[in-house]
Amino acid sequence: MTTHLNHVTQNRQINDQQQSDVSLHASHGGLGFGELVPSRYALRVGEIDVLVVSDGVLPLPTSTMSTNASPADRAAWFKEMYLGPDAFDWALNVLVVRSSDQLILVDAGLGGQFPGFPRAGQLPKRLEAAGINLASVTDIVITHMHMDHIGGLLADEVKSRLRPDVRIHVAAAEVAFWELPDFTYTEMPAPVPDVLRATANQFIDDYRSNVRTFEDEYEVAPGVVVKLTGGHTPGHSVVYINSLGERLTFAGDALFPVAFQHPEWHNGFEHDPEESVRVRVRLMQEAAASGEWLVATHLPFPSVGRVAVDGDAFRWIAAFWDY
Ligand SMILES: [Zn+2]
């Protein structure tokens, strides 16, 4: 009998504990204590400040990240990662860079461009939480003109705060591509292609006087160079940050989480999948040889890490968080 009572009492205590845990979390959100998971990660590359900011996540089919993989290979990889089986959340990372007296935004997240991705488009409030004033941004670098990279610039709260003379750097090949975009080799869920076209058109309409195109590469600020790679889109570019012998590369959409073990897997958003494979293998070989930091748009936040060669493929070595 005593045992039974003890048992009941113990259970009640556990239940009470669980309930108070639940209410604790609820009150955190309700009282505006902020988000439970941090959305920004700062590091220094020599004398250059770099901040990775999450715009949120994009729920997408696992097949989009492995369009040429067999269903069995795809299922095995995602199961091993405790993801899927049918869909998972892609990270959506944006970079803020301060070099000398310039403040540079690298890509701008999704904004409100696609109702199917309600958890993305958080950049404006997360920049504000990080103490970054959009009116202080001198330059914006666009890795490519897909909606999850330029959509944020179309949000009213962003447009109204950016300075009218902000410079937007994008490859000439990218601007030309979106005048008549080719989706022959992509595999995107409907209505994504239509929204991509409309978003790219609106971006050019809204920011025509701010856009500064470059052919092959351009030094945006001391130690900050944007360089054309092609592949994902014809004008896709990466950003190299170099200072005092240290280097960080922002790879944009050249790399996805599957890329290290399966660089040969095509992504449904790649307009030239074969060239995309060559681009990411070259970038990973460079990063493995130099030991530099690598950050990419859709690697899990904060997506700061290094790459090693691992047999015929590669291995991702996530940074130890430096608190
Ligand atoms: Zn993307």
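Notes on the structure follow. Computed from a predicted structure; not experimentally measured.

Attention shifts here to the overall build of the chain. Looking only at helices and strands, one finds eight helices and 14 strands in the chain. Taken over 323 residues, the chain has a buried fraction of 43%. Residue pairs at least 24 apart in sequence account for 72% of intrachain contacts in the chain once pairs closer than 6 positions are excluded.

As defined by bridge partners, strand β13 (residues 305-310) adjoins strand β14 (residues 313-318) across six bridges and the pair is classed as antiparallel. By the bridge assignment, Asp310 is partnered in β14 with Ala313. Connecting β13 to the next strand, β14, in antiparallel fashion are two residues, including Gly311 with a positive phi near 65°.

What follows concerns unusual backbone geometry. Excluding glycine, a negative phi dihedral is what most residues carry, and trans is how most peptide bonds are arranged. Cis geometry marks the peptide bond from Gly84 to Pro85; its omega dihedral reads 10°. Assignment of secondary structure puts Pro85 in the loop between α2 (71-80) and β3 (87-99). Cis geometry marks the peptide bond from Phe301 to Pro302, where omega comes out at 0°. Of note, Pro302 is situated in the loop between β12 (293-295) and β13. Even without being a glycine, Asp107 presents a positive backbone phi close to 70°.

Here we take up the environment of Asp312. Locating Asp312 in the fold gives a position in the loop between β13 and β14. Linking Asp312 and Gln261, residues 51 residues apart in sequence, is a C-alpha distance of 8.7 Å.

Next up on the list: the sheet that holds β3. Spatially, seven strands are ordered β1-β2-β3-β4-β5-β6-β7 in an open sheet, and the strand pairing comes out mixed. Across the chains shown, the open sheet's two edge strands, defined by having one partner strand only, are β1 (40-45) and β7 (211-214). When the angles between neighbouring strand axes are averaged without regard to direction, this sheet yields 25°. In the sheet, strand β5 (residues 139-141) pairs with strand β6 (residues 167-171) via three bridges, with the strands oriented parallel. Bridge pairing links Val141 to His169 in β6.

The next subject is helix α7 (residues 192-207). The terminal C-alpha atoms of α7, which comprises 16 residues, lie 22 Å apart, in line with the 22 Å expected from a rise of 1.5 Å per residue. Every buried residue of α7 is accounted for by Val192, Leu196, Thr199, Ala200 and Phe203. Here the buried residues of α7 occupy an arc of 100° about the axis, which is enough to place them on one side. Among the exposed residues of α7, those oriented more than 90 degrees off its buried face are Asp194 and Asp205. The inward-facing, buried residues of α7 abut α4 (147-150).

Rules used in this analysis
Numbers given to residues run from 1 along each chain, matching the order in which its sequence is written. Reporting of local features is limited, given that this is a predicted model, to residues whose pLDDT is at least 70; pairs of side-chain atoms are given and counted only at 80 or more, and all residues count toward the totals for whole chains, interfaces and linings. The secondary structure listing takes helices from DSSP runs of H or I that are at least 4 residues long and strands from runs of E that are at least 2 residues long, numbered from the N terminus. Any residue surrounded by 20 or more other C-beta atoms within 10 Å of its C-beta is treated as buried, while 12 or fewer makes it exposed and the intermediate range makes it partly exposed; C-beta atoms here are placed from the backbone. The contact criterion used here is simple: two residues whose C-beta atoms, placed from the backbone, lie within 7 Å are in contact. A strand pair is defined by DSSP finding two or more bridges across the two strands. Lines fitted to the C-alpha atoms define the axes, with helices restricted to the stretch that makes contact. Angles between their N-to-C directions range from 0 to 180 degrees. Helix span is expected to be 1.5 Å times the residue number reduced by one. Arc definition: it is the arc formed by the directions from the helix axis to the C-beta atoms.

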